[in-house]
Amino acid sequence: MRPNKSNRMMPLLMAVCVVIGILIGTFYANHFSGNRLNIINSGSNRLNNLLHIVDDQYVDTVNIDSLVDRAIPQILADLDPHSVYINAKDVQKVTDDLKGSFSGVGIEFVIREDTIHVQGVIKNGPAERAGILAGDKIVSVDGKVFVGKEVTNEEAMHRLKGPKGTKVKIGVIRYGQKKEKVFTVTRDDIPQKSVSAVYMVDDNTGYIKIKSFGENTYPELLIALAQLSQEGFSNLIIDLRDNTGGYLQSAVQMANEFLPKNRLIVYTQGRKSPRQDFKSDGRGSYQNIPLVVLINESSASASEIFAGAMQDNDRATIIGRRSFGKGLVQQQMSFPDGSMIRLTIARYYTPSGRCIQKPYVAGDDKDYEDDILARYQHGEFFSQDSIKHTGPAYHTSKGRTVYGGGGITPDIFVPEDTLGITSYYKEAAMSGLILQFAFTYTDDNRIKLNNFTEMMELSDYLVSQNTVDKFATYADKHGLKRRNLMIRKSHKLLQRYINSRIIYNIMDEDAWTQYLNNDDNVIKAAINVFENNAAFPKAPETKGKKKNDKVAFKEQKIPHGDLNFIAKA
């Protein structure tokens, strides 16, 4: 009997199966014995396979989620300085500042000596309606003692914030009383204002301070402009100093209010993002008002978009110091677990074609983070000639020369003035002692200080109280040795800083800003521009004509960023 074909092939099939089995066994033996991981053979699956192997074979138990939270930021940091990863628990916190509101109790607070001090109460907010006052010390939340080392900004906001309509019991100790008072507060939406100050600098000049570009910045701007219109303003200062940016759309909407039709405001472009132009529609109500825009080294992103649009369209005079130089466009992408990344997908360009982004080396964040310090040491804060223009020259709509290479260089440079700064003043400011003294003084004198309703009256009263001498005595007891010669030299700066903080504690950010602006030489430079009818930039003079002399201004500056420590809930 002849064997059939299948029987003849059986030994060959068995041999092939044995060989395959040996190869598979060898692969896994190598895999688990630590030899080269042949399974990881492409960039697309390498990370997933690595995490699987670590989870399966590592000597100790590993929290893979925690490992990923630490690994992703490192990967993104190798791309550029602004591509970032935000873990799920921090998403709400980082987005609140740009939203129009958040849900909470409506207080501003600071933590002193492991206790929450109510810095301010939002007008018509839940806490005010319940009866909580500025100066109260929170000692319990929902019946549980809340003082000591566990009191942090994060934990306080976690306990005080919550869904709209929910209730929280807040126990406080009021100044001059020993017994705890308990208030039941019903949480509600708390507005987040990005326009922090609106007032008339003089009979003709309106002033608007914008501290961020959030969801409601444009409608807040319109309200501010309407308020100034009722007061008869004919010139306008928009202050973007220390404004670190926010939403592109808010900056575009703002710029549209001041530009004639079909003017380019900004454009974006990236490798996978085709060029997108943002232009004015001609519907703005303030296209002809004389305008000055204030910037400094902390003005970034959306602030630079607005300032660049005004400068390149010859619409406003820009005053101050060179801006930060943040011109990378991030797209927000969420993961299923609630975490997200902000990935750079394009760059911002001003109407003349300048890229706003300052140079950086991918993966080298240190030099980028130290850039402002490097500018200071190089002398850029004190001399316009020290500004390094690393990019090519561009031209505005009227032919004025502007430069690329990062940030917006102002039309009128105002240097930082070191007059009056001593080592005593620096230590007093940087150590936090001035802030601590201001809070203590405010609490100790709140009844008297609450009688003042006008900023200038309160300012005059504080001068009469010699707060600088009181501070020096306080500081000496808290580790800063009294230096009378230095105190005399820095007296004006110390008085300005100390009294500004007390005014903020008793009144609000609007009053605080007005006080600081009273002797601010950047504001004086703006007024000078209006008086000389020079808010609208002119085309360069033709060759042979005598150029106008440069006007030098000096600025006395105190730390403006110290409001960041105040938390809201």
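What counts, and at which threshold
Residues numbered from 1 in each chain as written. Predicted model: local features only at pLDDT ≥ 70, side-chain atom pairs only at ≥ 80, totals over all residues. Heavy atoms only, no water. Pairing = 2+ DSSP bridges. Helix = DSSP H or I, 4+ residues; strand = E, 2+ residues; numbered from the N terminus. Contact = heavy atoms within 4.5 Å. Axes fitted to C-alpha atoms, helices over the stretch in contact; angles between N-to-C directions. Salt bridge = Lys/Arg side-chain N within 4 Å of Asp/Glu carboxyl O. Buried < 20%, exposed > 50% of the residue type's maximum accessible area, 1.4 Å probe, protein only. Parallel < 35°, antiparallel > 145°, perpendicular 65-115°, else oblique. Left-handed = near helix turned anticlockwise from the far one by under 90°. Nonpolar A, V, L, I, M, F, W, Y, C, P; charged D, E, K, R; others polar. Arc of directions from axis to C-beta.

**Q** How should the sheet that holds strand β15 (residues 291-295) be read in this particular structure?
**A** Hydrogen bonds between backbone groups are what pair the strands of a sheet, and the pairing can be parallel or antiparallel. Strand order in the open sheet formed by 6 strands is β10-β11-β12-β15-β16-β21, and the pairing between neighbours is mixed. The strands lining the two open edges of the sheet, one partner per strand, are β10 (195-200) and β21 (412-413). In this sheet, β21 lies alongside strand β16 (residues 317-320) in parallel orientation, the contact comprising 2 bridges. In the sheet register, I319 faces β21, and the bridge partner there is I412. Strand contacts of helix α20 (residues 521-531): β11 (205-210), β12 (235-239), β15, β16 and β21, with the helix running at about 160° to β15, the strand carrying the most contacts.

**Q** Can you walk me through the pattern of salt bridges in this structure?
**A** All told, the structure shown has 19 salt bridges when counted by the stated rule. Where E150 meets R159, a salt bridge forms, and the shortest distance between an N and an O atom there is 3.2 Å. Overall, the relative accessible area of 39% leaves E150 in the partly exposed class. For E297, the salt bridge identified is with R321, shortest N-O distance 2.9 Å. With a gap of 24 residues between them, E297 in the loop between β15 and α9 (302-312) and R321 in the loop between β16 and β17 (328-334) connect regions that are remote in the sequence. E297 sits in the buried class, given a relative accessible area of 3%.

**Q** Which parts of the structure should I look at to understand the pairing of β10?
**A** The side chains of a regular strand alternate between both faces of the sheet. Most of β10 is tucked away, with 6 of its 6 residues classed as buried. Two elements, β10 and β11, share 5 bridges in a ladder whose sense is antiparallel. Paired with A197 across the strands is K209, a residue of β11. Adjacent in sequence and paired antiparallel, β10 and β11 are bridged by 4 residues.

**Q** Any chance you could explain the side chain of S250 here in plain terms?
**A** By the element assignment, S250 lies in helix α8 (residues 248-256). The exposure class of S250 is buried, given its relative accessible area of 4%. Not counting residues up to four positions away in its chain, the partners in contact with S250 are F213, G214 and T217.

**Q** Please explain the packing of helix α13 (residues 433-444) against helix α16 (residues 467-477) as it appears in this structure.
**A** With their axes 10 Å apart at the nearest point, α13 and α16 run at an angle of 110° to one another. With respect to their mutual orientation, α13 and α16 come out roughly perpendicular. Here the hand of the crossing between α13 and α16 comes out right-handed. Contacts from L433, I434, Q436, F437, T440 and Y441 in α13 reach T467, K470, F471, Y474 and A475 in α16. Residues belonging to the contact of α13 with α16 are distributed by class as follows: 7 nonpolar, 3 polar and 1 charged.

**Q** Would you explain helix α6 (residues 153-160) in this entry?
**A** The periodicity of an α-helix, 3.6 residues per turn, causes residues three or four places apart in sequence to face the same way. Within α6, burial applies to A156, M157, R159 and L160. Viewed end-on, α6 has its buried residues packed into an arc of 165°, placing them on one side of the element.

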